[in-house]
Structure formats: structure tokens, C-alpha cells
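# Understanding the architecture of this molecule
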Amino acid sequence: MPRSFFLLLLFFSISIPNAHSQKLRKADRQMVEEIQTDIQYLSNDKLEGRRAGTPGEKLASDYIISSFQKTGLKPQGDQGGWLQSFEIYDGKDISQCHFSINGSELVLDKEYFPLSFSSNEKVTGSPAIALQESGSPWFFDIKEIMESAQNNPHFDMEKALRAETRVLAGRGASAVIFFNSSKTDDGVEFNPAEGILPEKIPVLYVTRAGRKKYLKDISQSLDVKIDVHMEEKKRWGHNIIGYLDKGSPYTVVIGAHYDHLGYGEDGNSLYLGHEKMIHHGADDNASGTAALMELARMLNKSRSLKSNYLFIAFSAEESGLLGSKYFTQHPTVDLTKVSYMLNMDMVGRLNDSSHVLIIGGYGTSPEWSGLISSTVNKKIFTLKLDSSGTGPSDHTSFYLKNIPVLFFFTGIHPDYHKPTDEAAKINYPGEVQVIHLIYSITEKMDGMNKPLFTKTKDEQFGEAPAFNVTLGIMPDYSFSGSGVRIDAISEGRPAEKAGLQTGDVIIRLGRYQVSSLQSYMEALSKFNREDKTTVEFSRGTEIKTVDVQFN
Ligand SMILES: [Zn+2]
């Protein structure tokens, strides 16, 4: 479960670990043993935190496949197999770049960095900073560009530097080294977006620290050695898909992500220590994965089933719902025949005193309210209902395909996204109750055609509540281009009023360039209620601008 959701959920509940002492029936004791075995295996050190695309993920997927096989499910992945593989883009690796001046190596990031549209090349030369001789690297002070852009609200620094590079290359530069002698912040940063086409020559940017150290005297000639080497970092995630085919026209999807944070190397860990630690992810989401395998066993045993059941263990949820997104874009069953989707993410820490169970997606079908109130045992659970179809987990991808969803979650806890999220802290009897509830819901819904789908007023996932204003969009987490691609628009919010649409890519908010989700959030935090500004965005090949007013 992505971190930015953390703050939002604090509002919902905090569960403190406690002793789980319920008296259990024999059948439930057996279920506790089964899910305990699964959670202990999935969260043990050997699996190294199950980061998508790692050997740890492979061990986990082998384990889940053998469970699905033992249960008797049919493989429903790619080419009739269990797996559905998809590529994960991890940004650009620039660590192999080198840049030296007069034999001293500059420090990457701190003193310089290549620009994303640089070519991958080695160039040397002895240019003077103030002189531009054909066939040698040229230094270029962007102060001039910034002065010319002062009153241009639509100014795009990256575009301007790329255009300037082309001009200079045309005039004979073998490389361009940009620097900024003005006091004004230029906002130049390395853009890690995927698929940026390179220019013909290497292009570097020297930071303020680098300029102060190496470019003090612009009349001097410098021996420069440039070696730009950028590589796109990619890995493969693997959804695991098993099918209980009853020959029905309709299929129910039951899902849970099985990946977790590994050693926290993707920056979504809340662990503040310095040693590299395995993030065990017992609750997040070995608990949901164990529930998935258990429900497959239970439903497979049921003799009276009419609907088909598709069990999906998603990968790369922690990188932005990538696995479920990929599945809904490349479904291995007809999505229009999916009657509804149930998602379990962190169902292992039911609090023994508050008994809080959060059910999300409550508003995505009029069927849910009656069903839930008639199925949930109020002695076991204190329900917290969230009507929104969007939220911090994989059901969102199905909701965005107009499929009714329900999301089950036992609440946030202090071990969330930390190495201490361990199997010993799981409330196994509590999870057994959650599994029973989900089983009862499927039983009651079995054989029903597709329940009616209703759109919900979606809380803005990803826009941390710290903001004063929001545009009312849902960002597309799997988008790896430059800007923020809109995945969904909320009714009655500024974006809808301004006519923004799903698929539009926001590239500027007022005078703030938007190249990533982070820069979008930074730009948003600059505005207040009632403020008026402009949104620049691309729609297909067109660049458009609309006025918005925050409310
Ligand atoms: Zn999770």
C-alpha cells in the first residue's frame, strides 16, 4: 500500500498489537494453521521482502502457484500459464556518467548531471568558457534564456534547453555544458521519465556548487572530459492468475497483492534506520495473499457454485498498482463479464479491542449496502465504510473499468511499511473472521449476474491531505512519461469544471512545471482556495491551456 495513503488512513484507525485470545472452533483452528503457515513463509527472510522483479518475488510466486495447483485451479495467465508478466520502469541509471575538468572529477548530482535528452557519448576538449569553437564542447550560461522567459507564464525550461542544444549543435558544438550565473533559481532537474529521445550531442548541467568550484574565471581554458552513459532501469513483475471455471457467463475476481518493499530501496519505506533491512510485509500483504489462497480452497470445496472465480495475486502494487493496472489493460478473461471484484490488502491486524474492519468501495454498487448489513456480524466487527471506489490498492484499477468493487482492510498500525511488520504480530483468529465474512459475501452473490455499477465521489488518492486545494483528479501511477497523466476525474471539482479529461497529461500548473507526481504535488501546495490559475496539458498531440479556480 503506497505510503502517501498513510496520512489519510491515520484518520481511519490505529491498531496496536495485542494478544489474540478467542476460543476457536476446530475448523477455524485448522484455518489458522493454514494461513499462519502461508504468512510465515511469505514473510520470512528468505523472500527478502518480495520486491517485484526480484528472486524473493519468484520464491513467493512459486509458493502461490503450487497452492493454486494443489487447490485444483486452472492457470489463467499468459499463454495458458499461471503468470502474467509486465515490465516495470525504474527510471534512468546515470551512475556510470563521468565529467572532469582539468583532471578533477565533478561529483554527480551535487556538482553536475546530464540532461535527460543528452546523447550517450564520450567527448573531450579544451574550450574556454567564454569562447565557442566549432568541434569542441561549449559552455552556455542559461542566464540569457531565463531573462527572455521572465514574463512568459508558459515557459518550459527543459524544452528551451533542448532547443538551445539543437542550435548550438548546429553551430558546431561537440557537447553543451549549461550553467546558470544568475541568482534566480532555474528549476533545472534531471527528468527520469521513460522514452525521452536523445539529441545528437552530450548535454550536461553544472549546478551552483559546481560552478562556484570550477567555473569561477570564464576567460580560462579548461580540459574537459565528458562521458555520458544513461540506461533505462527495468524489471519484470508477475501477476499470478488461477481460475475456478464453472462455465458461467460471469466471473468474480478475488485479488490481493503479494509484493512488498524488499529492503525499502524504492523510497516507500517508513523505516528511519540506516541499516539495510528486510521489510517482511506480513500484514502488507502476506495476510491478503494467504486469505486469497484460503478462499480458493474454500470456494473450490463448495459444490453449489454457479459463478466462475478468478484468483489474482498482483505484483508491483507497491510501485503504484502496476500489476492490477496491467491486468485490467490486458485482461485474460472478458472484463465486461466480470460481475464484481473483491480486494484484500492488510487484513491481518484486526484490533482485538476496537474490532475495526474497513470496507472500501461501498458506494460502487447499490447492492452492497443491503448485502453488507445483512452479512456482517456486528459482534465480531466494528465496520468503517468508505464509499469511494478509488483507494490505495488494486481494486482501484477495476473500479476505473466500471466494475463494482469491495476492499477489505483491518487498519493501519505502527509497523506499516517497516521491517517490523512481522508474522508474529498477525491476529490469525481475526483474519479467520475476515475470511469467513468474504466467503459469506461470495456465497450470497454467487450466481448473480453483474450487480449495478455506480460511480462514487472519489477521495483524491495520492493528494496528501496536507494540501489546501485539489484539482479533483486521480493520477495514473503507472504513467512513466513526463507530466501527470489523469486516470480519473471527480465530479464537481475544478478539473471537471475546466473540462480536463481522463488521459490528459498535466505539464504545468500556473508557472510551475509539472514533470512528475512529486513536482505536481509541490505545485499544488502553492495554491489556496478560490485561487485562479491555468493548467497546461497535452491531449494527444495537442498542447492546451485552461483556466481553473480552486474551491
Ligand atoms: Zn499493501
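Residues numbered from 1 in each chain as written. Predicted model: local features only at pLDDT ≥ 70, side-chain atom pairs only at ≥ 80, totals over all residues. Heavy atoms only, no water.

### Let's talk about helix α7 (residues 282-301)
Between its terminal C-alpha atoms α7 stretches 27 Å, which fits the 28 Å expected from 20 residues at 1.5 Å a residue. Burial runs high along α7: 18 of the 20 residues are buried. (Helix = DSSP H or I, 4+ residues; strand = E, 2+ residues; numbered from the N terminus. Expected span 1.5 Å × (residues − 1). Buried < 20%, exposed > 50% of the residue type's maximum accessible area, 1.4 Å probe, protein only.)

### Concerning the domain arrangement of the protein chain
For the protein chain, the assigned domains read domain 1 (3-90 + 235-445), domain 2 (104-222) and domain 3 (473-549). Of note, the centres of domain 1 and domain 3, computed from C-alpha atoms alone, are 31 Å apart. Taken residue by residue, the interface counts eight residues in domain 1 and seven residues in domain 3. Summed over both sides, the interface between domain 1 and domain 3 buries roughly 590 Å², with carbon and sulfur atoms accounting for 73% of that surface. (Domains from an automatic or database assignment. Contact = heavy atoms within 4.5 Å. Buried area = accessible area lost by both parts, 1.4 Å probe.)

### A word on the environment of Ile403
Residue placement: Ile403 occurs in the loop between α10 (395-399) and β17 (405-409). In this structure Ile403 comes out as buried when scored by relative accessible area, which is 1%. Those residues in contact with Ile403, other than ones at most four positions away along the chain, are Leu335, Val338, Tyr340, Met341, Phe398, Lys450 and Phe453.

### Let's talk about the pattern of salt bridges
The tally for this structure, following the rule as stated, stands at 21 salt bridges. Of the charged contacts, one joins Glu34 and Arg297 as a salt bridge, the two residues approaching to 3.6 Å between their closest N and O atoms. One end of the pair, Glu34, is in helix α2 (residues 26-42); the other, Arg297, is in helix α7, with 263 residues separating them in the sequence. For Glu34, a relative accessible area of 24% puts it in the partly exposed group. Among the residues examined, Arg297 registers a relative accessible area of 18% and is labelled buried. Between Glu265 and Arg51 there is a salt bridge, with its nearest N and O atoms 4.0 Å apart. (Salt bridge = Lys/Arg side-chain N within 4 Å of Asp/Glu carboxyl O.)

### Topic: the side chain of Ser393
Tracing the sequence through the fold places Ser393 in the loop between β16 (382-386) and α10. A residue is classified by how much of its surface remains accessible, and Ser393, at 0% relative accessible area, is buried. A polar side-chain atom of Ser393 sits 2.9 Å from a polar atom in the side chain of Asn343. When neighbours within four sequence positions are excluded, Ser393 is seen to be in contact with Glu317, Leu321, Asn343, Asp345 and Phe407. (Polar contact = N/O pair within 3.5 Å; in protein donor to acceptor, adjacent residues only side chain to side chain.)

### Notes on the sheet that holds strand β8 (residues 175-179)
Strand order in the open sheet made by the four strands is β5-β9-β8-β7, with mixed pairing throughout. Looking along the sheet, the strands with just one partner apiece sit at the ends: β5 (112-114) and β7 (137-141). Neighbour-to-neighbour, the strand axes of the sheet open up by a mean angle of 25°, direction not taken into account. Bridge count between β5 and strand β9 (residues 203-206): three bridges; the pairing is antiparallel. Across the sheet, residue Tyr112 finds its bridge partner in β9, namely Val206. The strands touched by helix α5 (residues 157-170) are β7, β8 and β9; relative to β8, the strand with the most contacts, the crossing angle is about 140°. (Pairing = 2+ DSSP bridges. Axes fitted to C-alpha atoms, helices over the stretch in contact; angles between N-to-C directions.)

### So, the pairing of strand β15 (residues 356-360)
Within a regular beta strand, the side chains point alternately toward one face of the sheet and then the other, so they alternate between its two faces. Within β15, five of the five residues are buried, leaving the element largely enclosed by the surrounding structure. Neither face of β15 is exposed, since Val356, Ile358 and Gly360 on one face and Leu357 and Ile359 on the opposite face are all buried. Note: β15 against β16, five bridges, orientation parallel. Bridge assignment links Ile359 to a residue of β16, and that residue is Leu385. Following the backbone out of β15, through helix α9 (residues 367-375) and into the adjacent parallel β16, one traces a crossover that is right-handed. Sheet topology note: the β15/β17 ladder contains three bridges and is antiparallel. Its bridge partner lying in β17, Gly360 is registered against Phe407. (Right-handed = clockwise from strand over helix to strand, strands pointing away.)

### So, the packing of aromatic side chains
Using the criterion set out here, one finds 14 aromatic pairs in the structure. Seen from their ring centres, Phe68 and Trp82 are 6.2 Å apart, and the 45° between their planes marks the pair as tilted. Of the two residues, Phe68 is situated in helix α3 (residues 55-71) and Trp82 in the loop between β1 (74-75) and β2 (83-93); the sequence distance between them amounts to 14 residues. The pair Phe68 / Trp82 is uniform in exposure class, with both members buried. Ring geometry for Phe527 and Phe550: centres 5.3 Å apart, planes at 40°, overall tilted. (Phe/Tyr/Trp six-rings, centres within 6.5 Å; stacked < 30°, edge-to-face > 60°.)

### So, the sheet that holds strand β3 (residues 98-101)
If you trace the four strands from one edge of the open sheet to the other, you get β4-β3-β10-β6, paired in antiparallel fashion. The open sheet has two edge strands with one neighbour each: β4 (104-105) and β6 (122-125). Of the pairings in the sheet, the one linking β3 to strand β10 (residues 224-227) comprises four bridges and is antiparallel in character. Across the sheet, residue His98 finds its bridge partner in β10, namely Asp227.

### Considerations on the environment of Leu215
By the secondary structure assignment, Leu215 is in the loop between α6 (208-214) and β10. As a C-alpha pair, Leu215 and Glu530 span 315 residues in sequence and 45 Å in three-dimensional space.

### Notes on the side chain of Asp415
Topologically, Asp415 is positioned in the loop between β17 and α11 (428-445). Residue classification places Asp415 among the buried residues on the basis of a relative accessible area of 8%. One polar contact links Asp415 to Arg349, side chain to side chain, over a distance of 2.8 Å. Among all residues touching Asp415, those that are not within four sequence positions of it are Arg349, Thr420, Asp421 and Lys425.

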